[in-house]
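Here is how the chains run, residue by residue.
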Amino acid sequence: PTWLKASGQQVRFVGSLELPEHLGIEKNAFTRFWQWLTGTEASHALYRPFGVAVAADGRVAVTDPGVRAVRLYLPADGTDLELREGLTNPLAVAFVGETLAVADGTLATLVGFDAKTGARRPLDWKLPVFSRPTGLAFDATRGRLFVVDAGLHCVHVVSVSGAAPLRIGARGEALGAFNFPTHVAVDARGHLFVTDSMNFRVQHFDEQLEVVGTLGGLGDTVGDLPRSKGVTVDARGTLWVVEGAFDVVQGFDAGGELVGVFGGSGVTDGRFWLPAGITSDAQGRLYVADTWNARVQVFVIEPVPVVPPRAAPITEAR
């Protein structure tokens with residue numbers, strides 16, 4: 001995959017996360033033998049990954065609603081955990097300090113876990129009444145957890161310091177209104193980006209939660225968002241949007257202009273089959289939940305390598 005526009009940069013496929021071993025989490029010989037003997041060796045594989053989050057220290061959490069669980073990978077400890085308690089349809093996940101918050105769309109609630117041990121942890125935040133929470137993003141600087149509620153066509157703002165929750169938007173087509181929003185991202189400035197799926201756009205709000213603008217639209221060309229899903233803002237400030245209609249990821253600059261696209265339908269590396277969530281880490285890597293390919297694909301943006309010109313052959317004078 002490469003940039004759509006000639007910018008001197010390219011998108012490079014890094015690898016796929018399907019099993020704990022792909023993050024360097026190796027099982028000892030006894031564990032591998034026992035899993036083979038009991039037929040549980042495939043139980044650690046992703047099935048239908050939907051949402052993904054990455055902590056600053058490299059921990060990765062992936063929601064897998066196909067098996068009603070969240071997989072928590074701790075590469076530094078060499079372990080991985082399967083979180084099931086209290087979950088029915090986990091759709092989104094976010095690291096909130098040492099708490100792992102999970103949005104369960106069917107139970108219409110948030111479920112908390114210890115982000116290092118996986119133990120259930122009660123959430124002492126003031127939570128609103130949800131209908132179908134589908135997206136999460138945490139603004140650590142301001143202590144705000146944004147919860148997209150597709151059922152109520154709004155975004156809830158939950159304060160982790162105990163303040164009363166706020167609500168952004170209602171159903172509609174005007175700026176600031178939503179029609180089945182699904183995913184959300186927040187950047188270092190506290191700006192909010194919400195996938196407004198059935199309005200075929202992503203809406204941009206500033207740190208005061210005022211509408212800045214929108215991008216996308218209904219259509220079938222690059223830059224359109226007929227079936228937008230996950231969103232994230234990388235370390236460079238580029239907004240990346242998963243587009244499910246064409247199995248691609250599209251990049252937009254701070255002004256909402258299209259700067260790049262990669263992917264396409266398929267099962268090989270760099271291709272997608274109904275991708276959903278996306279996130280980025282401090283190193284600029286992009287993690288895409290490639291749902292029906294049962295994997296999370298990882299990419300990095302880097303300069304196009306410069307190939308030195310070949311020297312002209314030396315010919316013997318006649």
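Predicted model only: the values in this text are computed from it and were never measured. Counting starts from 1 at the beginning of each chain's written sequence and moves along it residue by residue. Whole-chain, interface and lining totals are the exception, using all residues; otherwise, since this is a predicted model, local features are given only for residues with pLDDT of at least 70 and side-chain atom pairs are given and counted only at 80 or more. Values reported for side chains reflect all heavy atoms of the structure, with hydrogen atoms and water molecules removed beforehand.

Colleague: Could you give an account of the sheet that holds strand 18 (residues 239-243), with specific residues and numbers?
Modeller: If DSSP finds at least two bridges between two strands, the strands pair. Secondary structure counts use DSSP, requiring at least four H or I residues in a row for a helix and at least two E residues in a row for a strand, with both numbered from the N terminus. The antiparallel open sheet is built from four strands, whose spatial order is 17-18-19-20. The open sheet has two edge strands with one neighbour each: strand 17 (228-233) and strand 20 (258-263). Taken over all neighbouring pairs, the strand axes of this sheet differ in orientation by 20° on average, direction set aside. For helices, the axis comes from a line fit to the C-alpha atoms of the stretch in contact; other axes are also lines fit to C-alpha atoms, and the angle between any two N-to-C directions lies between 0 and 180 degrees.

Colleague: Report on the layout of surface pockets, specifying residues and quantitative values.
Modeller: The rule is simple: put a 1 Å grid over the protein atoms alone, call a set of points where a 1.4 Å probe fits but cannot get out a cavity, call an open set with protein on both sides within 12 Å along at least five of seven lines a pocket, and count a residue as lining if it has an atom within 4 Å of a point. Grid points are joined across faces, edges and corners, and a volume is the space filled by probe spheres set on the points. Taken as a whole, the second largest pocket encloses approximately 220 Å³ of empty space. Around the second largest pocket sit 17 residues that line it, and Leu-23, Asp-281, Arg-285, Tyr-287 and Val-298 are the ones nearest its centre. Looking at the lining of the second largest pocket, the elements that each hand over two or more residues are strand 1 (9-17) and strand 22 (285-290). Here the lining of the second largest pocket takes four residues from strand 1, the largest share from any one element. For the lining of the second largest pocket, the per-class residue count stands at nine nonpolar, five polar and three charged. Any residue that is not Ala, Val, Leu, Ile, Met, Phe, Trp, Tyr, Cys, Pro, Asp, Glu, Lys or Arg is counted as polar, Gly included; the first ten are nonpolar and the last four charged.

Colleague: Describe the pattern of salt bridges, and please don't skip the residues or the numbers.
Modeller: Should a side-chain nitrogen of Lys or Arg be within 4 Å of a carboxyl oxygen of Asp or Glu, the pair is scored as a salt bridge. This model, assessed by the stated rule, comprises 13 salt bridges. The closest approach of N and O atoms between Arg-144 and Asp-139, which form a salt bridge, is 3.4 Å. The burial state of Arg-144 is the same as that of Asp-139; both residues are buried. Among the ionic contacts, a cluster of salt bridges with common partners joins Arg-71, Asp-80, Glu-82 and Arg-84. Per-residue accessibility, obtained with a 1.4 Å probe over protein chains only, is compared with the maximum for each type, and a residue is labelled buried under 20%, exposed over 50%, and partly exposed between these values.

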